[in-house]
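So the chains spell out like this:
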Amino acid sequence: MAWKTVTLLAIAIAIPFTTVNCSQPSTELTAQETTKPPSSQAEEPSNPLIRTLSSTSEATGVIATAQSGKLLASANRTKPEIRLWDVTAGQIKTTLAGHTGGVRSLFISPDGNILISAGEDKTIKLWNANTGQLIRTLTGHSQGVNTVAMSQDGTLLASGSQDKTIKLWNAKTGALIRTLTGHTDSVLSLAISPDRTTLASTSQDETLRIWNLGTGKLEQTYKDGGSPYPPGFITYTVSAVAISPDGKLVASASVDDVSKGHIEGNTIRIRNLQTGEVVRSIAAGSGDVVNAIAFAPDGETLIASVGEVKLWNLKTGELLRTLTTFSDAIALSDDGQILFSADNPYGQDSQIRVWDTSALTASSLNNAQLLGTIDSETTPARDDSLAISPKGQPVVTCGGSQVKAWNPWNRSSKHLLYSVSLDSFGCAIAISPDGKTLAVSSRTQEASDVVKLLDINTGRVKTTLSKHNDTITALAFSPDGNTLVSSGGGQIKVWNLPTGDLRYALTEGISWGDRYSVAVTPNGQTLYVGYQQQDLALYDLQTGKPQNTLPIQIGGKLHFTPDGKALVGQDMTGKVVLLNAQTGELLSTLLVDRVNALALSEDGKIATDTESGLIKLWDVSTGNLLHTFGGHSGPVDSLAFSENGKVLTSFGSEGMLKFWSIPEKG
């Protein structure tokens, strides 16, 4: 479910060996099947859950989100407090106090700056969503306020109350514009059309009503509940409403069967907003009222909270996914990539779960971006078991005791260029910036590691660099290709490649047996050395003289942004962080927990893996989730971008190499 339209380089079917034909790999890619039978489509990922926010003993009944899912507000319907969350950090930023009764509804303005809350105390409050400061309080309802909504331009605010009325407010000044009357019972839910002309409301009076916002005139009343009982005997509530992003459809949810004394059925009706024609009816299940519904930004998927969270394909009516979460509320990020559910299982603490929306449906992972698959017949050694030549090929893998070079764009079915056997199980690999030399680590008979420099086109060993005391875990070239850094066995060695001589070795403070990350700045002047238990250390690359330490601990591979101003890695908690390369200041955090694999493209995208085999693509400047790829049957151990950033290669624990076309931004 990619909400934004993307431009694909090509579309291919995932098969064990897919021959990808490419006369110019960086521009246009096509695929041809070989004689091997197609593999079955990857199963739907079992775990689209990104994160669970800290549990609380108080039930969370209302939530709202903004800023591409980075900001979240939550409240308990019976308590006056509101919590503002920093979702990427997984922490409560601040708690807002001001209501004197339970908070019944939350809404965050489209620009993410204003939080609107409505409560049992008959008031609507507007808060600065960034600072938590109260801006103003609106009064006028004679009973508790159940629901609030705001127009997309942020100028109009609507509120619905137990007093059976709807009030329209100037969101900028707080002035009351008009009061709408017509409902005969409590107003439960509101939605404003994108063009600000129409308001939809639902009520305990079993109706959906459509209003003209320009005149305040009631235009349509639909009796959705259809209770066979006398008024007040059993209420067939119309509980929730939403208007599609294009303003053409309105969805409303109603209780349709309580014949056995509890809810036996809910129906969601999708209507043409202008004509009222029901274009689709969806059976939403039993056991609980539908407390929230939402259209995905592309208008093709409907999401509802009905004790469980359910997703439907609106074109076919097919139920795509059911999440058994005991959900009392949902909120969808403005870009549609993140879904929040407020889950209150009986007898347990409340939790807010954060879901990757695009991973929730099989249709979203139809592998349209998958260009090809190669079975390497090996198992990745570690997270640096994959490298791509700047020329686009070969792609080099390290697994078991073999280094293999592949040409994925070969017109024939033969992808493997050569294989080099090593004396060790697993290795570190790196390719020189000019794409001519492959550096690999290899075990000697003395149980120590050396670095072998290979001709990348033939696999022939050109030279061998002197040994480390133990396993080499990381290799890094300087941008000019004249220097190679090797790390392992309590040593970090820096080599002059034109001569093959050791320039110097760093041993002070380097612990034997620990795995250190090494990276050279894009200007080739500074060597960064990282280890999770120590501050990040900076050295002059030419002399080895210590320059500075940054008070941050980074594990795994280090990646510089192309301008060298920022650094990407994993912190001590496993979160992927973007840091100021000069000061170590935290710039942003991705909404993803511990990862095995991480890659950074030249054009500012980050790729990360998940345990369920999904790959997530992020915008490095904003931290927003851009896309999710699915296809591996297990964890992804290594990721690498092509030099132009248009192709991503993944190396899965099952031994499969997969090649993905990267969607354009926007």
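Residues numbered from 1 in each chain as written. Predicted model: local features only at pLDDT ≥ 70, side-chain atom pairs only at ≥ 80, totals over all residues. Heavy atoms only, no water.

Undergrad: Just to check I follow, could you spell out the overall build of the protein chain for this structure?
TA: Across its full length, the protein chain holds 0 helices and 56 strands. In the protein chain, which comprises 666 residues, the proportion classed as buried is 59%. Contacts in the protein chain between residues far apart in sequence, at least 24 positions, make up 44% of those at least 6 positions apart. When the accessible surface of the protein chain is summed, it comes to about 26,100 Å², and 46% of that surface belongs to carbon and sulfur atoms. (Helix = DSSP H or I, 4+ residues; strand = E, 2+ residues; numbered from the N terminus. Buried < 20%, exposed > 50% of the residue type's maximum accessible area, 1.4 Å probe, protein only. Contact = heavy atoms within 4.5 Å. Areas by Shrake-Rupley, 256 points an atom, 1.4 Å probe, with all protein chains shown as cover.)

Undergrad: Help me understand empty space enclosed by the protein in this model?
TA: With a probe scaled to a water molecule rolled over the atoms, the places where space remains empty come into view. Applying the stated criterion across every chain yields a total of 4 cavities of 30 Å³ or more. Estimates place the volume of the largest cavity at around 70 Å³. Lining the largest cavity are Ser-68, Lys-70, Thr-88, Asp-335, Gln-337, Ile-338, Leu-591, Trp-618, Gly-623, Asn-624 and Leu-625. Along the lines of polarity and charge, the residues of the lining of the largest cavity split into 4 nonpolar, 5 polar and 2 charged. (1 Å grid on protein atoms, 1.4 Å probe; cavity = no way out; pocket = protein on both sides within 12 Å on 5 of 7 lines; lining within 4 Å. Points joined across faces, edges and corners; volume = space filled by probe spheres on them. Nonpolar A, V, L, I, M, F, W, Y, C, P; charged D, E, K, R; others polar.)

Undergrad: For this particular structure, what's the right way to read the sheet that holds strand S33 (residues 416-421)?
TA: Within a sheet, adjacent strands bond to each other through the backbone by hydrogen bonds, running parallel or antiparallel. With antiparallel pairing, 4 strands are arranged side by side in an open sheet as S30-S31-S32-S33. For this open sheet the edge positions go to strand S30 (386-388) and S33, each flanked by a neighbour on one side alone. Each neighbouring strand pair of the sheet contributes to a mean axis angle of 15 degrees, computed without reference to strand direction. Two elements, S30 and strand S31 (residues 395-399), share 3 bridges in a ladder whose sense is antiparallel. Each bridged residue has a counterpart across the sheet, and for Leu-386 the counterpart in S31 is Thr-397. (Pairing = 2+ DSSP bridges. Axes fitted to C-alpha atoms, helices over the stretch in contact; angles between N-to-C directions.)

Undergrad: Quick question: what am I supposed to make of the environment of Lys-310 here?
TA: You can see Lys-310 is positioned in strand S25 (residues 301-313). For the pair Lys-310 and Leu-360, spaced 50 residues apart in sequence, the C-alpha separation works out to 9.7 Å. Aside from chain neighbours lying at most four places away, what touches Lys-310 is Ala-284, Gly-285, Leu-302, Ile-303, Ala-304, Leu-319, Arg-321 and Thr-322.

Undergrad: Honestly, the packing of aromatic side chains in this entry has me stumped. Any pointers?
TA: For any pair of aromatic rings, the description consists of the separation of the ring centres together with the inter-plane angle of the planes. Enumeration over the complete set of coordinates arrives at 3 aromatic pairs. Judged by centre distance (4.8 Å) and plane angle (85 degrees), the ring pair of Tyr-528 and Phe-560 falls under edge-to-face. With Tyr-528 in strand S43 (residues 526-531) and Phe-560 in strand S46 (residues 555-560), this pair connects stretches of sequence that are 32 residues apart. For the pair Phe-629 and Trp-660, a centre-to-centre distance of 5.1 Å together with 35 degrees between the ring planes defines the contact as tilted. Within this pair, whereas Phe-629 is found in strand S53 (residues 625-630), its partner Trp-660 is found in strand S56 (residues 656-661), the two being separated by 31 residues in sequence. The buried category is assigned to Phe-629, whose relative accessible area is 2%. Over the ring of Tyr-222 we find Arg-271; its NZ or CZ atom is 4.3 Å from the centre of that ring. (Phe/Tyr/Trp six-rings, centres within 6.5 Å; stacked < 30°, edge-to-face > 60°. Lys NZ or Arg CZ within 6 Å of the ring centre and 35° of its normal.)

Undergrad: Just to check I follow, could you spell out the pattern of salt bridges for this structure?
TA: Pairing between side chains of opposite charge can happen when their charged atoms approach one another. Enumeration according to the criterion identifies 9 salt bridges in this entry. Here Asp-205 ties to Arg-209 by a salt bridge, and the two come within 3.4 Å at their closest N and O atoms. The pair Asp-205 / Arg-209 is uniform in exposure class, with both members buried. (Salt bridge = Lys/Arg side-chain N within 4 Å of Asp/Glu carboxyl O.)

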